[in-house]
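# Structural description and commentary
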Amino acid sequence: MADAILPILTIESTCDETAAAVISDEGAVMGQCIATQESLHEQFRGVVPEVAARAHLERILPVIDTAIRQANVSPDDLTAIAVADRPGLAGSLLVGVVAAKTLAIAWQKPLVSLNHLHAHLYACQLSSESSVYPCVGLIVSGGHTSLYYCTSPLDLEYLGGTIDDAAGEAFDKVGAMLSLGFPGGPEVSKLAAKGKRDAYAFPRSMIHEKHFDFSFSGLKTAVRYAITGPGQQDFAKLEIDDQVKADVCASFETAVVDVLVRKSRRALKQYKCKQLIIGGGVAANGYLRQQFAAAATQDHFALTIAPPDLCTDNAVMGAIALEKIRRGDFASFDIDITPGLQRGF
Ligand code: KG4
Ligand code: ZN
């Protein structure tokens, strides 16, 4: 096989998961390891960047070592080392990028730089037998809520995104207000299943606007007022009835998903597109998956949502590196991190 691409090593450390995978030239996962940091951030009910960076530093080499051993390959067998260098938390990104560069120099392998958001969407292609392109791509994660028009895994046009909180961030903050576990998304989702979806008339911000931007901070504030009433702020002292909690979660989840579905449908129509792909942590949400499936049946579009285990951060979606390698798109050793704090990323 003259053009065969041997296994690659992929590294992910953009937020609070330290992950590595070894992936064959055909995209098969030969080994992978994820070290989550949930227990470290739980007491703060949010990811603390400096804590995350330090934890990455301790874990990155054992995680890489585990993935390589599981794949039963030696560093010599690797064709390239790929690392997500954008967007994410600066300290977290640095650990992955420095590890990738160091190993690439030591093992004399080429380096590939990855956009973490593009990788989230590529998780959809990994679960599909045929090409999902061209498509509208929706990313719903802890840090991003964005719509793209994608003509290939690497050619994406930004259509719009949140102007304040990301959908996952809003889930996490509502979870914190209700004193649920961390991260809040899965906990809110569990309670929502027992609540009334129309118990509270929470806002659907910018749902009728023609652009593809989102806003979830007003919704978060509306939930806060529903729980505390005006003027009171000490959530720790609140005693909220279980059914009220479930109703708040159900009404909140429904408001988020309504906006996501409406805007995605409009993007599909405007771009005359028949395929929608959805990636990112919030795409694991059961109600979201259900509502998008119903919309797909109604509007006759094909829907590919990343498999639940590839929705939250992982290194397997780093298989997008194979697409870059096919294009001969390697990174130089002086790449730097791009936290990507600006909108439109
Ligand atoms: O993609 P991800 O792992 O990290 C980022 O790149 O941000 O997404 C994490 C986010 C968190 O906000 C988490 O609460 C949310 O995804 N999440 C969920 C669910 N599972 C994870 N949100 C709602 N429902 C879920 N089932
Ligand atoms: Zn992510």
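Above this text you will find the structure in question.
Residues numbered from 1 in each chain as written. Chains lettered and ligands numbered in written order. Predicted model: local features only at pLDDT ≥ 70, side-chain atom pairs only at ≥ 80, totals over all residues. Heavy atoms only, no water.

This part covers the pattern of salt bridges. Counting across every chain of the model gives 14 salt bridges. Between Glu253 and Arg197 there is a salt bridge, with the nearest N and O atoms lying 3.0 Å from each other. In this pair, Glu253 is assigned in helix H8 (residues 242-270) and Arg197 in the loop between helix H6 (184-192) and helix H7 (217-228), connecting sequence segments 56 residues apart. Residue Glu253 is classed as buried on the basis of its relative accessible area of 1%. Judged by relative accessible area, which is 27%, Arg197 ranks as partly exposed. Taken together, the shared-partner salt bridges connect Asp165, Glu169, Lys173 and Lys220 into one network. (Salt bridge = Lys/Arg side-chain N within 4 Å of Asp/Glu carboxyl O. Helix = DSSP H or I, 4+ residues; strand = E, 2+ residues; numbered from the N terminus. Buried < 20%, exposed > 50% of the residue type's maximum accessible area, 1.4 Å probe, protein only.)

In this section: the nonpolar core. Among the nonpolar cores identified, the biggest contains 83 residues, and Val140, Val223, Phe252, Leu260 and Phe292 are the most heavily contacted of them. If one sorts the elements of this core by residue count, H8 sits on top with twelve residues. If near-sequence neighbours (up to four positions away) are discounted, Leu260 is found in contact with Leu138, Val140, Thr145, Phe214, Phe216, Leu288 and Phe292. Counting residues in hydrophobic clusters, the runner-up holds 27 residues, among them Ile64, Ala104, Ile335 and Ile337. (Core = buried A, V, L, I, M, F, W, Y, C linked by side-chain atoms within 4.5 Å. Contact = heavy atoms within 4.5 Å.)

The next point concerns the site of ligand 1. Near ligand 1 lie 20 residues; those nearest to it are Gly142, Asp172, Gly281, Asn285 and Asp313. The separation between an oxygen atom of ligand 1 and a polar side-chain atom of His120 is 3.1 Å. For ligand 1, an oxygen atom lies 3.1 Å from a polar atom in the backbone of Gly185. Burial of ligand 1 by the protein chains amounts to 89% of its free accessible area of 560 Å². Every element with two or more residues in the shell around ligand 1 is listed here: helix H4 (116-126), helix H5 (167-177) and H6. In the shell around ligand 1, the residues fall into six nonpolar, twelve polar and two charged. (Near = heavy atom within 4 Å. Polar contact = N/O pair within 3.5 Å; in protein donor to acceptor, adjacent residues only side chain to side chain. Areas by Shrake-Rupley, 256 points an atom, 1.4 Å probe, with all protein chains shown as cover. Nonpolar A, V, L, I, M, F, W, Y, C, P; charged D, E, K, R; others polar.)

Now for the packing of aromatic side chains. What the rule picks out here adds up to five aromatic pairs. For the pair Phe171 and Phe252, a centre-to-centre distance of 4.9 Å together with 80 degrees between the ring planes defines the contact as edge-to-face. Residue Phe171 is located in helix H5, and its partner Phe252 is located in helix H8; the two are separated by 81 residues in the primary sequence. By relative accessible area, which is 0% here, Phe252 ends up buried. Measuring from centroid to centroid gives 5.4 Å for Tyr200 and Phe202, while their planes differ by 5 degrees, and the two rings are stacked. On the basis of relative accessible area, Tyr200 is assigned to the partly exposed category, the value being 23%. Using a relative accessible area of 6% as the deciding quantity, one classes Phe202 as buried. The lysine or arginine in question, Arg197, covers the ring of Tyr287, its NZ or CZ lying 3.6 Å from the ring centre. In this structure, Lys263 is placed above the aromatic ring of Phe214, and the distance from its NZ or CZ to the ring centre is 6.0 Å. (Phe/Tyr/Trp six-rings, centres within 6.5 Å; stacked < 30°, edge-to-face > 60°. Lys NZ or Arg CZ within 6 Å of the ring centre and 35° of its normal.)

Here the focus is the sheet that holds strand E6 (residues 135-140). Reading across the sheet, the five strands line up as E8-E7-E6-E9-E10 and stay open at both edges, with mixed pairing between neighbours. Whereas interior strands pair on both sides, the edge strands pair on one side only; in this sheet they are strand E8 (155-161) and strand E10 (302-305). Each neighbouring strand pair of the sheet contributes to a mean axis angle of 20 degrees, computed without reference to strand direction. Sheet topology note: the E6/strand E7 (residues 145-152) ladder contains six bridges and is antiparallel. Bridged to Leu138 within E7 is Leu147. Against the sheet, H8 contacts E6, E7, E8 and strand E9 (275-279), and its axis sits at roughly 160 degrees relative to E6. Helix-sheet contacts for helix H9 (residues 286-299) involve E6, E9 and E10, and the interaxial angle to E10 is about 165 degrees. (Pairing = 2+ DSSP bridges. Axes fitted to C-alpha atoms, helices over the stretch in contact; angles between N-to-C directions.)

The next point concerns helix H2 (residues 49-71). Here H2 spans 31 Å end to end across 23 residues, near enough to the 33 Å set by a 1.5 Å rise per residue. Of all the bends in H2, the greatest, near 45 degrees, is centred on Arg59, and the proline Pro62 appears no more than four residues after it. Among all positions in H2, only Ala52, Ala53, Ala55, His56, Ile60, Val63, Ile64, Ala67, Ile68 and Ala71 are buried. Looking at the packing, one finds that the buried side of H2 touches strand E1 (8-12), strand E2 (17-23), strand E3 (29-36), helix H1 (38-41) and helix H3 (90-106). Asn72 lies just past H2 and shows a positive phi near 60 degrees. (Expected span 1.5 Å × (residues − 1). Bend = angle between axes of the 7 residues up to and from the residue.)

So, about the coordination of the zinc ion (ligand 2). Around the zinc ion (ligand 2), the protein supplies His116 (NE2), His120 (NE2) and Asp313 (OD) as donor atoms, at distances of 2.0 to 2.1 Å. Geometry at the zinc ion (ligand 2) is irregular, judged from its four donor atoms and the angles of 94 to 136 degrees they form at the metal. All donors of the zinc ion (ligand 2) belong to a single chain; written as a sequence motif, their spacing is H-x3-H-x192-D. In this pair, His116 is assigned in helix H4 and Asp313 in the loop between E10 and helix H10 (320-326), connecting sequence segments 197 residues apart. The buried category is assigned to His116, whose relative accessible area is 7%. A relative accessible area of 14% places Asp313 in the buried class. (Donors = N, O, S within 2.8 Å, 3.2 Å for Na, K, Ca; no water. Tetrahedral: all angles 85-135°; square planar, octahedral: opposite > 155°, others 65-115°.)

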